[in-house]
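# Tertiary structure, described
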Amino acid sequence: MTGKRVTRRKFVADTGKIGLGVMIVPRHVLGGPGFQAPSDTINFAVVGFGGMGSENALELAKTENLVAFADVDFGYSEKQVADKLKDNDKKDRPEGITLKAKFDKAARYSDFRVMLDKQKDIDGIVIATPDHLHAVVAKSAMQIGKHVYVQKPLTYSVHEARVLRDLALANPKIVTQMGNQGHSSEGARLVNEWIQAGMIGPVKEVHVWTNRPVVYWPQGVPRPTGAPPAPAPPSPFGNPYSFRYVNQLLASALGSFPVPPGLHWDLYVGPIAEDVPYHPIYHPFNWRGWINFGVGALGDMGAHLIDHPFWALGLTYPTSIEATSTQWGTMPIPPDPNAAAGTRENRGYNKPVSYPVATAVHYQFPARGAQPPVKLNWYDGGLYPPRPDVLPDDVTLKSEGGVIFIGEKGILMNDTYGSNPRLFPISLTEDAALVPKTFARIPWSHEMNWVKAIKGETKASSPLEYAAQLTETMLLGIVALRTGQGRKILYDGANMRVTNIEEANQYLTREYRAGWAV
C-alpha cells in the first residue's frame, strides 16, 4: 500500500468503472451517519465576529472548517467564544467547545483586506460587521470568487444594494445569502401558501411594526463631544432648557474616551468619510442607531419583517415613500463665515447623527398582474398599527413586532421571523389546513442552507438577487426620512432615481473615504 488517501468521489467513480460486486473499503470512504468526508468540507472565514458573526460561526463549526477570522477587536471576539462554552444551566455546550477549538486554530487578521490577499484557502465568507462595511467587504470577496453570507441589512445604501445585486447576477457560480433567517422558516412558507391560495382574498394593505430600538440601543441622542457644556442661551420664554440645549448638555456629559487597547478604530470606521472619534457608545452593538455606522430599526428588523409581505405578495420597487418620526439626535455645526450668505452652512445648523427613537414609513407598491396595489406601513420605536376590526379584542399585538396582512376576506398575522402565522376570523383556519404545501421546506438552519447550496445540494433561500431588492425597499424608507417630514418621494425603480425631489437622490448613496468606495 502506498498510503495514498482515497476520496469518496474517486471511490464511487472507480467502482462504477470496474463494476465491483463486493469490496471491503475504509470507513472514511463509505462514510456513515454523522460522517463527512474531508473533500466535502468547506473552508470558511468570518469578517466581524463579535456579534452575529459568532452565532453564524457556531453553526458552521459543527461540520465545516473555519480557517480565518478578520475583526477589529479580538478581545471582544474571545469573550463571545468563551460565553458559548456553557449553556444556560452552566453545562458544557458541545458546539461551543467545537467553535473554540476552531477559533483558536484559525488565522487572525485585523484588516479583512489583508486576509483576502494572503489567505488563499477560503471558499466562503460570513460578513457580520456593522452595516457600513457590509457592501465593502462583500464586493471585495465576490470580486475574487468567494461565496458570501452577508448579515442583514445587506447594505448601507440603495446604491450598494444595486452594486451587489449586479455582481451576483454577473457571477451565478458565487452562492450568496443574506442573514434574514426567517426566510428559511416553516412560518414564512405557510404565509406564502395562505396568501397565494387566497385565504384572506386580495391584499391592499399591510402593517409592520417592531419595538426596536427601544430598550435595545440608543437613538435620538447627540454625538458625544466631551467638551465643556455650552453656556445657557438666552430664551424668550424665560427658561433656556430647550430640546436643543438639553442635547448639548447631554453631548458634553457623555464625555470622551481613549481608544482601548486592541481595538483598531481606524479600521472600524473604514469607509466613513468624516472623522468619528471613538466612544464606547458605538461599539459593540450600539452602532445600529448612528447614521455613520447603521441604518436603525429599519435595517435591523425590516429584513425580518418586511421580508414576508415583500415575498408573499410578489412586491417589486415601491413607487412612492413618505416618512415621519420623532426628533433626530444631532450635533451642532457652527456658522461658516466663508459659506454663501443665506445657506445653512453660513448660519450654522444641527446635523443629524443618530436616527429618531420612533419612525413611521408608508410605501405604495403598484399592482402586479391581477393583484391590486399595496400600501405597506412600517412602525418602530414603540409605535403600533391600528387594530383591524376583525381582530378579537383579547388578542394582544406583541411588543417585539409582527405583520398584519389586510385582505378582503380577513387578516393574516405573523410574528417576527415569520413565526406563528394565524388567520382571523378564526373560521378561516379550518380551510387553511387544507392548503397544499407548494413551497419546499428547509430542514436545516439558514447558514446550513447556504453551505448546502455551495455544495450543490440545494438552492440558497435568500440570495442577493432577492435580498438586494428587499434591502433597497427597506432603505428607501431611510431616504424618505432623511428627505424631510411631510414630504413624499416618488421613485423610479428601473432607473434608481427619486423623480420629484432632486436633493433626495443624495441619500441613495454615501460619501466614501478615499480607497473605500463601492
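Structure: see above.
In this report, we go over the structure that sits alongside the text. (Residues numbered from 1 in each chain as written. Predicted model: local features only at pLDDT ≥ 70, side-chain atom pairs only at ≥ 80, totals over all residues. Heavy atoms only, no water.)

### A look at unusual backbone geometry
Here the residue pair Lys152 and Pro153 is connected by a cis peptide bond, since its omega of -10° sits within 30 degrees of zero. By the secondary structure assignment, Pro153 is in the loop between β5 (147–150) and α8 (158–170). In the segment running from His283 into Pro284, the intervening peptide bond is cis, with an omega of 0°. Tracing the backbone through its elements, the reader meets Pro284 in the loop between α11 (265–269) and α12 (296–305). Phi is positive for Val215, which is not a glycine, with a value near 70°. Examined against the element boundaries, Val215 turns out to sit in the loop between β7 (203–209) and α10 (243–253). (Helix = DSSP H or I, 4+ residues; strand = E, 2+ residues; numbered from the N terminus.)

### Digging into the sheet that holds strand β3 (residues 107–109)
One key point about sheets: their strands pair by backbone hydrogen bonds, in either a parallel or an antiparallel sense. On the basis of which strands lie adjacent, the open sheet formed by six strands has the order β3-β2-β1-β4-β5-β6 and parallel pairing. Lying at the two open borders of the sheet, with one neighbouring strand each, are β3 and β6 (176–178). Recorded for the sheet is a direction-independent mean angle of 20° between the axes of neighbouring strands. The pairing of β5 with β6 spans three bridges and is parallel. (Pairing = 2+ DSSP bridges. Axes fitted to C-alpha atoms, helices over the stretch in contact; angles between N-to-C directions.)

### Some remarks on the side chain of Asn43
Residue position: Asn43 is located in strand β1 (residues 43–47). In terms of polar contacts, Asn43 uses its side chain to reach the backbone carbonyl oxygen of Asp121, at 3.0 Å. The contact partners of Asn43, leaving out residues within four places of it in the chain, are Asn65, Val67, Asp121, Ile122, Asp123 and Gly124. (Polar contact = N/O pair within 3.5 Å; in protein donor to acceptor, adjacent residues only side chain to side chain. Contact = heavy atoms within 4.5 Å.)

### Some details on the pairing of β1
Within β1, five of the five residues are buried, leaving the element largely enclosed by the surrounding structure. Neither face of β1 is open: one carries Asn43, Ala45 and Val47, the other Phe44 and Val46, and all of them are buried. Here five bridges tie β1 to strand β2 (residues 65–70), and the two strands are oriented parallel to one another. Looking across to β2, one finds that Val46 is bridged to Phe69. (Buried < 20%, exposed > 50% of the residue type's maximum accessible area, 1.4 Å probe, protein only.)

### Focus on the pattern of salt bridges
According to the stated counting rule, one finds 25 salt bridges in the structure shown. Lys79 is paired through a salt bridge with Asp83; the nearest N and O atoms lie 3.2 Å apart. Here Lys79 and its partner Asp83 are both found in helix α4 (residues 74–83), four residues apart, which amounts to about one turn of the helix. Taking the relative accessible area as the measure of exposure, Asp83 reaches 46% and is therefore partly exposed. (Salt bridge = Lys/Arg side-chain N within 4 Å of Asp/Glu carboxyl O.)

### Quick notes on the packing of aromatic side chains
Taken as a whole and assessed by the stated rule, the structure comprises 23 aromatic pairs. With a centroid separation of 6.4 Å and 70° between ring planes, the pair formed by Phe310 and Phe365 is classed as edge-to-face. Taken together, the residues span a long stretch of sequence, with Phe310 in helix α13 (residues 307–312) and Phe365 in strand β11 (residues 359–365) at a distance of 55 residues. Assigned by exposure class, Phe310 and Phe365 land together as buried. The rings of Trp265, Tyr268, Tyr278, Tyr282, Trp290 and Phe293 are connected pair by pair, giving a single aromatic cluster. For Arg510, the ring lying beneath its charged end belongs to Tyr156, and the centroid distance is 3.9 Å. (Phe/Tyr/Trp six-rings, centres within 6.5 Å; stacked < 30°, edge-to-face > 60°. Lys NZ or Arg CZ within 6 Å of the ring centre and 35° of its normal.)

### Regarding the nonpolar core
By size, the foremost hydrophobic cluster in this structure holds 92 residues, and its most contacted members are Met115, Ile125, Ile195, Val206, Ile306, Trp378 and Phe405. Of all the elements, helix α17 (residues 464–483) adds the most residues to this core, at 12 residues. Judged by nonpolar contacts, the second largest core, of 24 residues, contains Phe44, Val81, Ala106 and Val175. (Core = buried A, V, L, I, M, F, W, Y, C linked by side-chain atoms within 4.5 Å.)

### Remarks on the pairing of β5
Covered by surrounding structure in β5 are His147 and Tyr149 together with Val148 and Val150, the residues of both alternating faces. As judged from the four bridges shared by strand β4 (residues 124–127) and β5, these two strands associate in the parallel manner. Pairing of Ile127 across the sheet is with Val150, part of β5. Chirality of the crossover, the property in question, places the unit of β4, helix α7 (residues 131–143) and β5 among those that are right-handed. The parallel pair β5 and β6, bridged by α8, forms a crossover whose chirality is right-handed. (Right-handed = clockwise from strand over helix to strand, strands pointing away.)

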